[in-house]
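Observations on chain architecture
So you can see what is in the structure, the chains are spelled out below.
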Amino acid sequence: MRVAVPRSAARRAPRVFLAPLAALASLAALTSMAGCAAPRVARSIDGQIIEGRPIAAHAYALYAIGAEAEARGDLATALEAYELAEDGDPDSADIWTRIGSVRCRLGRGEAAGAAFERARAIEPDYEPAYREQARCDLAAGRLDAALGRIERAMLLDPDRDDGALLRAEILRRLGRTDDARLALRALVVRRPWSTEAWRALHAAAVETGDRAVAEQAARRLRELAAPEAAVRGRRMSSGGQLAEVDEALVLGQLRRARSLARDADLTPAEVAVRAAALGRLGEAREQAELVSAADPASASALVALAVAADLSGDLDALTRACDALDLSAAAGGPTVAPSRLARLLFAELLFRRVGRDAALTWLGPPPPALVAPDALSQEIERRVHRELAGGTP
């Protein structure tokens, strides 16, 4: 589903446009008041509880719309949405970084630089601001500046594959091909399922005439591209990419899990579902709210939100999520069917709340297995089947 900002009335009446999205994008936050001071919000960020300022729901929803538009290449809509989000939340380093990145891709280099500077003024150690400006510097040919910024970004967050790939590309453009190749060899050891890393290593080896490494990378790329590679990769996921996503979620590192999910071809909605399956309720809810704000048709995101709300005892949020699922189904709208794992989790929710018959009706016959289920899905399936075999709780 594509969500666009209405151009004619967006700035005049954002509240009217955002009314249905605001409920979906409300933040799971704890607020407290002290005298006349501004309210503070506690959020879980990469496993740490951080106290900060509240964020308006309409700004959060607009940010989600911008992210969805940027992902599909609609840069004009993305920039408009981000700038509208900034109107409602001018002190967000994240929003200013996205504004800078999109302005750069639209050829507005000076305005992009001002946005990145604003992001770092708000949060001096905000890694994405350094990484995205490094990308912008590279596109403009400012290679020394790009290298300095990406190395600062990697000091702040050394686990990002995109940061490592960007640094290797900058080194290559600077003529430091041996350094680039060594950096990429280290990356493929750490991320053996990353086609981007192997492809970059192959290009670097060809450029430097390293035939042995080039053949190794080409062979690995052929293995990853083979018709059975997807099934084999899913079967090995207990020690591969999906396991890395799950590990990041268990550690409360949602930002890292999102990055790893891109390498694993895992949708943003499924990140929320896996977080819910792993019992990481804060991460499941945060991710599900973001996805639902950008794509209200995602049933998997709504299921993740419902499960997280149920297990945390938030009956209001549970009701809203279930109502959204009911409304979409009743309207015959373009609801994206939930994944198999999401269907299992919602069946378990129905079993807890309603009973065995409701869960079995929802679950229905199993769909054809296109790929072998991963370890987490197998575990949840066994658990649900055991529960349903036992009758009413």
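Above this text is the structure in question.
Throughout what follows, the structure given in this document is the object of discussion.

The rules we used
Residues numbered from 1 in each chain as written. Predicted model: local features only at pLDDT ≥ 70, side-chain atom pairs only at ≥ 80, totals over all residues. Heavy atoms only, no water. Helix = DSSP H or I, 4+ residues; strand = E, 2+ residues; numbered from the N terminus. Contact = heavy atoms within 4.5 Å. Areas by Shrake-Rupley, 256 points an atom, 1.4 Å probe, with all protein chains shown as cover. Core = buried A, V, L, I, M, F, W, Y, C linked by side-chain atoms within 4.5 Å. Buried < 20%, exposed > 50% of the residue type's maximum accessible area, 1.4 Å probe, protein only. Disulfide = S-S within 2.5 Å. Axes fitted to C-alpha atoms, helices over the stretch in contact; angles between N-to-C directions. Left-handed = near helix turned anticlockwise from the far one by under 90°. Nonpolar A, V, L, I, M, F, W, Y, C, P; charged D, E, K, R; others polar. Phe/Tyr/Trp six-rings, centres within 6.5 Å; stacked < 30°, edge-to-face > 60°. Lys NZ or Arg CZ within 6 Å of the ring centre and 35° of its normal. Expected span 1.5 Å × (residues − 1). Arc of directions from axis to C-beta. Salt bridge = Lys/Arg side-chain N within 4 Å of Asp/Glu carboxyl O.

A word on the overall build of the chain. Of regular secondary structure, the chain possesses 21 helices and three strands. Intrachain contacts of the chain at a sequence separation of at least 6 include 59% that bridge at least 24 residues. As displayed, the chain offers around 18900 Å² of accessible surface, 55% of which is attributable to carbon and sulfur atoms.

The biggest cluster of nonpolar side chains holds 48 residues, and the ones touching the most others in it are Val245, Leu249, Leu345, Phe346 and Ile380. Not counting residues up to four positions away in its chain, the partners in contact with Val245 are Ala257, Leu260, Ala261 and Leu266. If you look at the next biggest cluster of nonpolar residues, it comprises 22 residues, including Leu62, Tyr63, Ala85 and Ala119.

Before going further, it helps to examine the state of the cysteines. Under the definition given, this model contains one disulfide. Each sulfur in the disulfide pair Cys104 and Cys136 lies 2.2 Å from the other. When the S-S torsion is 105°, as for the bridge of Cys104 with Cys136, the disulfide is right-handed. With a gap of 32 residues between them, Cys104 in helix α4 (residues 93-105) and Cys136 in helix α6 (residues 127-140) connect regions that are remote in the sequence.

Below, the discussion takes up the packing of helix α17 (residues 299-312) against helix α19 (residues 340-353). For the pair α17 and α19, interaxial distance at closest approach is 9 Å and the crossing angle is 35°. Crossing of α17 over α19 shows left-handed handedness. Contacts between α17 and α19 involve Ser300, Val303, Ala306, Val307, Asp310 and Leu311 from the first element and Ala342, Leu345, Phe346, Leu349, Arg352 and Arg353 from the second. Looking at the contact of α17 with α19 residue by residue, the class counts come to eight nonpolar, one polar and three charged.

Turning next to the packing of aromatic side chains. Within the structure shown, the criterion is met by zero aromatic pairs. Here the basic side chain of Arg120 rests over the ring of Tyr130, its NZ or CZ set 5.1 Å away from the ring centre. Note that Arg152 overlies the ring of Tyr130, its terminal NZ or CZ placed 5.7 Å from the centroid.

Before going further, it helps to spend a moment on helix α9 (residues 177-190). With 14 residues, α9 extends 20 Å between its outermost C-alpha atoms, agreeing within 8% with the 20 Å of an ideal straight helix rising 1.5 Å per residue. For α9, the full list of buried residues reads Ala180, Arg181, Leu184, Leu187 and Val188. The buried residues of α9 occupy an angular sector of 120° when the element is viewed end-on, so they sit on one face. Away from its buried face by more than 90 degrees, α9 exposes Leu182 and Val189. Where α9 is buried, its residues meet α8 (161-173) and α10 (195-208).

Positionally, Arg190 belongs in helix α9. Through-space distance from the C-alpha of Arg190 to that of Asp159 is 9.7 Å; in sequence the pair is 31 residues apart.

Further remarks concern the packing of helix α16 (residues 281-294) against α17. Where α16 contacts α17, the axes come no closer than 8 Å and their chain directions differ by 145°. The two elements α16 and α17 meet at a crossing, and its hand is left-handed. Note on element contacts: α17 touches α16 through Ala301, Leu302, Ala304, Leu305, Ala308, Leu311 and Ser312, opposite Leu281, Ala284, Arg285, Ala288, Glu289, Val291 and Ser292. Of the residues in the contact of α16 with α17, the class split is 10 nonpolar, two polar and two charged.

Time to look at the pattern of salt bridges. Evaluation of the coordinates by the stated rule reveals 30 salt bridges. Across the pair Arg131 and Asp162 runs a salt bridge, and its minimum N-O distance is 3.6 Å. Taken as a pair, Arg131 in helix α6 and Asp162 in helix α8 lie far apart in primary sequence, 31 residues in all. Take Arg131 and Asp162: they sit in the same class, and that class is buried. Between Arg383 and Glu348 there is a salt bridge, with the nearest N and O atoms lying 2.7 Å from each other. On the criterion of sequence distance, the pair formed by Arg383 in helix α21 (residues 375-389) and Glu348 in helix α19 is long-range, its members being 35 residues apart. Taken together, the shared-partner salt bridges connect Glu70, Arg98, Arg105, Glu127, Arg131, Glu132, Arg135, Asp162 and Arg262 into one network.

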